[in-house]
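Examination of the molecular architecture
Here's the letter readout for the chains.
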Amino acid sequence: MRTKFALIIAAVGLAASAIPAVAHHAFAAEFDASRPLKLTGTVTKWELVNPHSWIHLDVKNADGSVTAWMIEGGSPNSLLRLGFTKNSLPEGSQITVDGYQAKDGANRAVGKALTFTKDGKSLFMGGSAPGADGGGQEK
Amino acid sequence: MNKQVLHSFLNLGVALAVAAAPAFAQSKYKAPRTPDGVPDIEGVYSNSSNVPLERANNLGAKEFYTPAELTAQAKAAAVPREKAATQVGTVADIHYDVSQFGLGKTVTDAMVNTRTSLIVGPTGKVPPMIAAATKRQQAARALTAGHEMDGPENRGIAERCFYWGGEGPPMMPQGYNSNLQIAQGPGYVAIQQEMIHDVRIIPTDNRAHLDPSIRQWFGNSVGHWEGETLVVDTTNFNDQPALGRGASRDLHVVERFTRTGPETVLYQFTVSDPQTWETSWSGEYPMGKIKGQVYEYACQEGNYGMANILSGARADEKKAAQK
């Protein structure tokens, strides 16, 4: 039993440390837990920059006006290793973002979950993998 | 456990195959030579690892897992992180889906390592800090206490894109993009780490260190060859070595790089700092060659986060003032 206990502890330790380890900063300093949001819009630009990539999104409001949003995502280096390029998320892609808005109330958010609006598939995963439909892979 | 890759959920086309850790010390591998006759340790390597620096308390003096224990642990770690659900509206829930961005240690290949901690020896722990070091650390914190969010100067070094803690020396496995390139020229070895882009250029003629008055972020590294092993000695740190953990400018790091096979290097390090710890401490881990290159990580240019963090703090202050 002692061994089993040890392994469970180790696994919990991994899970707990996982999120901070892949972030360049504390998300809570930048984004507001009391402002969860869901945005659906059209990708206008994808900045493949470090330490965080940023997806620019035009979101149509109820009154027909359009608001430009910026969505924070992960380092592009790992995506490049997996075969994704700047053409993997082309302008005009329709995506839905679940996330949290910036503390200062600006139209910036962190993307908790990023999906293609048409089929709900996760961005960069499954159907969005290079070579698959929706990926827009650069040859 | 030999010839097996753990945590290889997304195949990078890489086989980081290596014997379990205890075999490293007995490696008889003789590396090919560079044109100037020293062991060739060039390559692009991953030093990604799920082994923690310090051993979990409940493991006591247990220095290695059995292969069966390691397999069980890898299975536990394979549970997609996002399934460890967090509550909407909580601080813990604020993050992007790291698995979507191919980040984290569970989506990269890691060398098989049966060690329970990177630190070797019966305790598997960084020794306790001496009282003077604790006092020094508290005094440094007191300088910015209550003013951590005033401006970029008071933010952490990594957040400001100066360096990443794992850059060392000693180099530690990073949370993501845990890759580095070793390049050799006559009389020199250069090490570039992807996180976050710095290069150490190390002369291998065992020359004297720089004058003690000269202090650098990554110290001053001087190397020499001992048979198959590159030995790198680093001193001349400034007051904030990337190692952290309260280390002072008197930090002294000795690193050893030994090829253990065509695709692998054993990395060993010993840390001493009499201003911080009564005893020195040592660790080791294997690195494996990966395909492809080390990518640029131009941290400063894209660091929108810094402005957002500070504007967030101003928003918080405004909110507090209105209450």
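That block above? That's the structure.
My aim in this report is to walk through the structure given alongside it, one point at a time. Keep in mind that this is a model prediction, so the values were computed, not measured.

**Some words on the pairing of strand S4 (residues 199–203) of chain B**
All names here are of chain B. Only one face of S4 is buried: it carries Arg 200 and Ile 202, and the other face, with Val 199, Ile 201 and Pro 203, is open. Bridging between strand S3 (residues 188–193) and S4 involves five bridges; their strand directions are antiparallel. Bridge pairing in S4 places Ala 190 opposite Ile 201.

**What to know about the nonpolar core**
By size, the foremost hydrophobic cluster in this structure holds 44 residues, and its most contacted members are Tyr 45, Ile 182, Ile 196, Leu 251, Val 265, Tyr 267 and Val 271 of chain B. Here the element with the most residues in this core is strand S8 (residues 264–272) of chain B; it accounts for five residues. Contacts of Tyr 45 of chain B, omitting those with residues within four sequence positions, involve Asn 179, Leu 180, Ile 182, Val 265, Met 287, Gly 288, Lys 289 and Ile 290 of chain B. If you look at the next biggest cluster of nonpolar residues, it comprises 26 residues, including Phe 27 and Ile 55 of chain A together with Ile 94 and Val 98 of chain B.

**Digging into the pairing of strand S7 (residues 252–261) of chain B**
Residues and elements named next belong to chain B. Here strand S6 (residues 229–235) pairs with S7 via six bridges, running antiparallel. In the strand pairing of S7, Asp 233 is matched with Val 254. Note: S7 against S8, nine bridges, orientation antiparallel. Residue pairing in the sheet places Glu 255 in a bridge with Phe 269 of S8. Where S7 folds back onto S8 in an antiparallel hairpin, the turn is made up of two residues.

Cut-offs used in this document
Residues numbered from 1 in each chain as written. Chains lettered and ligands numbered in written order. Predicted model: local features only at pLDDT ≥ 70, side-chain atom pairs only at ≥ 80, totals over all residues. Buried ≥ 20, exposed ≤ 12 C-beta atoms within 10 Å, placed from the backbone. Helix = DSSP H or I, 4+ residues; strand = E, 2+ residues; numbered from the N terminus. Pairing = 2+ DSSP bridges. Core = buried A, V, L, I, M, F, W, Y, C linked by C-beta atoms within 7 Å. Contact = placed C-beta atoms within 7 Å.

Scope: geometric values only; no functional claims are made or implied.
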